[in-house]
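# Examining the three-dimensional arrangement
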Amino acid sequence: MTPEYWQRIEWLFESALAMPAEARELWLLETCAGDQALRLRVTAMLNGGVASGTLEHAVEEGHSMARSLLESGSPQAGVTRFGSWLVTGVLGKGGMGTVYEAVRDDGSYTQAVALKVMQSGLPGGDMAIRRFRQERNILAALDHPDIARLVDGGEAPVPWLAIEKVVGTPLGTCAVGETLESRLRLFLRVCGAVQYAHSRLVVHRDLKPANILVTRDGVPKLLDFGIAGLLPGKQWTDPGTSLTRTGMMPMTPEYASPEQLQGEPIGVASDVYSLGAVLYNLLTGQPPHRQEGMTAREMEAAVTTTMPSRPSDVASGEIRAKLRGDLDNIVLLALRKEPDRRYGSADALAADIRRHLEGLPVTARAATFSYLASRFVRRHAWGVAAVCAVVISLGAGLGVAARQARIAGERFREVRQLANRFLFEFDDSVRNLPGATRSRELVVRTAQDYLGRLSRDAPGDIALTGELAAAYARLGEIQGYAGAASLGRNADALISYRRSEQLWSEVKSARPRDVTALRSLASVQMNIGLIFIRDEHLDEAGRYYTTSADSWKAALSVAPDDPETIRQAITGWLAIGDYRQSVDDGGGALDAYQQALDFSRRPVDKAAEAKRRNAEAITLSRLGLHYSGLNQPDKARAYHEESLAMRLENLKLTPLVPATRRSVATGYENLGSVFDSTQTLSLGDPAAAEINYRRALDLKHEAAAADPNDNDSRAGGILDAMRLCETLAVVRPADAIPYCREATSATTEGSTAALKEYAALAEIGMARAYLALHRPADAQAAAESALRRLNALPAGANLVGIKLNRVRALNALGSALLAGAQPAKARDTWRAALGVNLGETGEMSYRDLELIIDISGRVAAIDPQGRCGYLKRAVQAQASMRAQNFPVGPPVVVPASCDSK
């Protein structure tokens, strides 16, 4: 293939890619008239059809291009000056140009640079020139000590750029003889440079040891942004250059990501993969997939389908043992085939390496208790040994009169220090690891026991009382906190929280301006109120929320600008808003949510930004739910979309943290309910709802699988399955049934009232699905079961739309009876549905009124005697819908003959 033909393909591909998809085919037919092979090649590239052969084809074309360039000789023959720079030698040739050694020659000062000059006659024409200029623009925007700096650039006689000359050896070569720690410290600097580029919306796309030179001073320098891409939101030239699509771009197969080899769009995750491959080489001396003897197609197959061997199985010498475990897992996680299952950023990869270097548990390793404990012991070997000796001596002295003397002084402090390390440092380090819930409970209980014994031995020690109060609060969180992984034991959590409240109150009495005591007391009171709400004891919940609000105000009066006090106050106002919402105080709820939003938008330092963004995301969700309850789906959607975007940003920073993934799942759930919901007015888009509910359910399934003790994620999965059941019941009834069954089978006699209601709603959805599938007997059984579940719920249970859902169940049952040729029973069932007191017509929700209109029409059709009355009731409901600005369907017509009745 000639360079001219390649240029033609490149121009056609880039031009077609910028067009709307529906216009491409006709344009190619006209433009490629007479050359069907050319048209088919470009069409295949556009459709991704060359993906399976991309690497092989790229190698073939690369050989052709290389021969053409070498045969043409130096394109700048006789040219020795570019701007102020005098060429003194050739450093090398690359795909887009030649790199010369040059010195400044204008008399101002002396400096040596690497001068990259664009090759004339390069296939690709204008597109190649734009890419060369893009590299120059990218380098001009990057100012980082570990990225080779742009010095100068120009256009004559051809485009060129001058980069600081780096004298060094490729990463990997320089590591020979270096310690493992020094290699990892060096790699951390490389990650920092890549993260910096990503923060400027630049993806390198060709990370490899040869493009990372290490100077004699041990400073890494990232080079060659020749094929770098721009992430969405960054554009310096024309739209074509902002694409992160690989197409036929050059690459290094051993370090390219699977998606890059397959010609798919690539982004940050591709650079993360390449960093993993670079780290593999740095630790083992070879790339993850060796190229010797492999064809291009075999190499592509290896990279895209086969996980490499563990670094510890490949490395030689003493380093092998040091790679086993954490480092094996870190490298292999970065090299996952699926982009969304790798580290979410270069920073996240670097953070795990730092944790390994510091002896902390890493997110790439399963959180078994033995592993977590071994990490802790490794970090505190001397302290643990000393405390073990203390504990043994304590045990030997139990019941002896001299016990108080033996535990005094230094030994007493050591035991207390170890207990607090277990309680705070150790638990904080593992709380975000999947599967750690049961282990956390064991650790916290142990720490609490030690602190309890110490407090009995040192009465009046206020600091120790605060430590013990924090231990009980942490234990309550693990036992039954709704906002994180917990064991779902509300009764146990309530006992722990109340003990914590008592102890914090003692600290507050002794130290009235202790901000830690004030905000901790407020937080515990809020959590107690939350448990009462979950157990449907609204009066008790209201009392605790009122007390909690007073404690927040006291804390803020002492420390009005403290970030942690503000963050926790946001959580408190959200809880207060939820409570007011549950008792139908919509105005009070909105005030509380707005107060939380105002606090969440206060500026914070960089370290607290993720927490601030998470608080704002949660607050925006609450506002979205509030407006959904007011039947304003457009307003609710805006809040939920903004909230989900923030949650996804946090997920990029901490992709493996369970709490972050649960937060994203909640965002998807909330957005899905705006598109389709049986409880409130929605946008009526079941397809969009299905997408969001599926994403939420997948995340909940992953969380539950990673941590079998995480009952909150399991409960969330029931909710998402129920919503998928309801959404698909009419549009794709056969697909709905499995989700309906998942939601109903997961509940037990001991499940909460909310979960039991979810199961009932799933059975209503199942009844609707069976009706659509013309299975009236199955629909009747499902509706009857739903009614039994709803009628068995405790009286006064604080459940959303409980009366509405009973009417929905009766409506489904009536429809099943009519479809099963039982019109009299159907009529009586619908009459019973209309007899449920949903409130005054003028105050009913959209879904309430919608049901009344639907059921009234159904009864009128089969009950001639009561027909007029039912039609008039439907007309009245439609009038109420218009008065509340709800969407109204076709007007119900009351025959003139009904006027006299």
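Residues numbered from 1 in each chain as written. Predicted model: local features only at pLDDT ≥ 70, side-chain atom pairs only at ≥ 80, totals over all residues. Heavy atoms only, no water.

## A short note on the packing of helix H23 (residues 563–582) against helix H24 (residues 586–600)
Axes are the key here: two packed helices are described by the angle between their axes and the distance separating the axes. The condition that has to hold: Geometry is summarised by axes, namely lines fitted to C-alpha atoms with helices restricted to the contacting stretch, and by angles between N-to-C directions that run from 0 to 180 degrees. Under the DSSP-based scheme used, a helix requires at least four consecutive residues in state H or I and a strand at least two consecutive residues in state E, with every element numbered from the N terminus. Put simply, angles under 35 degrees are roughly parallel, angles over 145 are roughly antiparallel, angles from 65 to 115 are roughly perpendicular, and the rest are oblique. Here is the rule for handedness: rotate from the far helix to the near one, and if that takes an anticlockwise turn smaller than a right angle the crossing is left-handed, while a clockwise turn gives right-handed. Contact criterion: two residues are considered in contact whenever any of their non-hydrogen atoms come within 4.5 Å of each other. Only Asp, Glu, Lys and Arg are considered charged, only Ala, Val, Leu, Ile, Met, Phe, Trp, Tyr, Cys and Pro nonpolar, and every remaining residue, Gly among them, polar.
One way to put it is that H23 packs onto H24 with a least axis distance of 8 Å and a crossing angle of 165°. Here H24 runs roughly antiparallel to H23, going by the angle between their axes. Judged by the sense of rotation from one axis to the other, the crossing of H23 with H24 is left-handed. Listed contacts from H24 to Ile-566, Ile-570, Trp-573, Leu-574, Ile-576, Gly-577, Asp-578, Arg-580 and Gln-581 of H23 are Gly-588, Ala-589, Ala-592, Tyr-593, Gln-595, Ala-596, Phe-599 and Ser-600. Grouping the amino acids of the contact of H23 with H24 by side-chain chemistry returns 10 nonpolar, 5 polar and 2 charged.

## What about the side chain of Asn-811?
What counts is decided by this rule: Remark: exposure states derive from per-residue accessible area (1.4 Å probe, protein chains only) relative to the maximum for the residue type, with buried under 20%, exposed over 50%, and partly exposed in between.
Looking at the element boundaries, Asn-811 is found in helix H33 (residues 802–819). By relative accessible area, Asn-811 is classed as buried at 9%. If near-sequence neighbours (up to four positions away) are discounted, Asn-811 is found in contact with Trp-830, Leu-851, Asp-854, Ile-855 and Arg-858.

## Examining the sheet that holds strand S10 (residues 220–222)
One key point about sheets: their strands pair by backbone hydrogen bonds, in either a parallel or an antiparallel sense. The condition that has to hold: The rule for pairing is simple: two strands pair if DSSP sees at least two bridges between them.
The antiparallel open sheet is built from 3 strands, whose spatial order is S7-S9-S10. The strands lining the two open edges of the sheet, one partner per strand, are strand S7 (168–170) and S10. Here the strands of the sheet are splayed against their neighbours by 35° on average, with no regard to which way each runs. Where strand S9 (residues 212–215) lies against S10, 3 bridges are found, and the strand directions are antiparallel. The partner of Val-214 across the bridge, within S10, is Pro-220. Contacting S9 and S10, helix H6 (residues 180–199) runs over the sheet at an angle of about 30° to S10.

## A few points about the confidence of the model for the chain
Threshold: The predictor attaches a confidence to each residue, and that confidence, scored 0 to 100, is pLDDT.
Chain-level statistics for the chain give a pLDDT mean of 76 and a share of 71% at 70 or above. By mean pLDDT, the top-scoring element of the chain is helix H32 (residues 776–792) (92), and the lowest-scoring one is helix H4 (residues 54–72) (40). Below pLDDT 50 for its whole length, residues 48–75 participates in 38 contacts with residues either more than four positions away or in separate chains. Within the model, pLDDT remains below 50 along residues 366–372, and this stretch shows 20 contacts once partners closer than five positions in the same chain are excluded.

## Considering the side chain of Asn-670
When you line up the elements, Asn-670 lands in helix H27 (residues 658–675). Excluding its chain neighbours within four sequence positions, the residues that come into contact with Asn-670 are Ser-621, Leu-625, His-640 and Arg-647.

## Some details on the nonpolar core
Which entries qualify depends on this criterion: What we call a nonpolar core is a set of buried Ala, Val, Leu, Ile, Met, Phe, Trp, Tyr and Cys residues that are connected through their side-chain atoms within 4.5 Å.
Leu-790 and Ile-855 are the most contacted members of the largest nonpolar core, which has 63 residues in total. In this structure, Ile-855 is in contact with Val-807, Asn-811, Trp-830, Ala-833 and Leu-834, ignoring residues within four places of it in sequence.

## Quick look at the pairing of strand S4 (residues 112–118)
S4 sits mainly inside the fold: 6 of its 7 residues count as buried. With 5 bridges connecting them, S4 and strand S6 (residues 160–164) associate as antiparallel partners. Looking across to S6, one finds that Lys-116 is bridged to Leu-161.

## So, unusual backbone geometry
Unlike most non-glycine residues, His-774 shows phi in positive territory, near 60°. Inspection of the secondary structure puts His-774 in the loop between helix H31 (753–772) and H32. Judged by relative accessible area, which is 70%, His-774 ranks as exposed. Residue Ala-821 is not a glycine yet carries a positive backbone phi of 65°.

## A short note on the packing of helix H35 (residues 846–862) against helix H36 (residues 867–883)
Close contact between H35 and H36 brings their axes to 8 Å; oriented N to C, the two are set at 160°. Between H35 and H36, the angle is such that the two are roughly antiparallel. Crossing hand, H35 versus H36: left-handed. Here Tyr-846, Leu-849, Glu-850, Ile-852, Ile-853, Ser-856, Val-859 and Ala-860 of H35 lie close against H36, whose contacting residues are Arg-867, Tyr-870, Leu-871, Arg-873, Ala-874, Ala-877, Gln-878, Ser-880 and Met-881. A class-by-class count of the residues in the contact of H35 with H36 yields 11 nonpolar, 3 polar and 3 charged.

## What about the state of the cysteines?
Counted only if it meets this: Disulfide assignment relies on a single distance test, namely cysteine sulfur atoms paired within 2.5 Å.
Under the definition given, this model contains 2 disulfides. Disulfide pairing places Cys-868 opposite Cys-898 at an S-S distance of 2.0 Å. On the sign convention where negative means left-handed, the S-S torsion of about -70° between Cys-868 and Cys-898 marks this disulfide as left-handed. One end of the pair, Cys-868, is in helix H36; the other, Cys-898, is in the segment after H36, and 30 residues separate them in sequence. Each member of the pair, Cys-868 as well as Cys-898, carries the same accessibility label: buried.

## Description of H35
Threshold: Here, expected helix span is obtained from the residue count minus one, scaled by 1.5 Å.
Look at H35: 25 Å from first C-alpha to last across 17 residues, which is about the 24 Å you get at 1.5 Å a residue. Every buried residue of H35 is listed here: Tyr-846, Arg-847, Asp-848, Leu-849, Leu-851, Ile-852, Ile-853, Ile-855, Ser-856, Val-859 and Ala-860.

## So, the pattern of salt bridges
The following threshold applies: Salt bridge criterion: a side-chain nitrogen from Lys or Arg within 4 Å of a carboxyl oxygen from Asp or Glu.
With the rule as written, the count across this model stands at 31 salt bridges. The closest approach of N and O atoms between Glu-649 and Lys-652, which form a salt bridge, is 3.3 Å. A residue pair is termed a helical-turn pair when its members lie 3 or 4 positions apart in one helix, as Glu-649 and Lys-652 do in helix H26 (residues 633–653) at 3 residues. A residue is classified by how much of its surface remains accessible, and Lys-652, at 47% relative accessible area, is partly exposed. Note that Arg-831 and Asp-863 form a salt bridge whose closest N and O atoms lie 2.5 Å from each other. Placement of Arg-831 in helix H34 (residues 823–834) and of Asp-863 in the loop between H35 and H36 is noted, with a sequence separation of 32 residues between them. For Asp-863, a relative accessible area of 4% gives the class buried. Here the salt bridges share partners, and the residues they tie into one network are Glu-690, Arg-694, Arg-732 and Asp-735.

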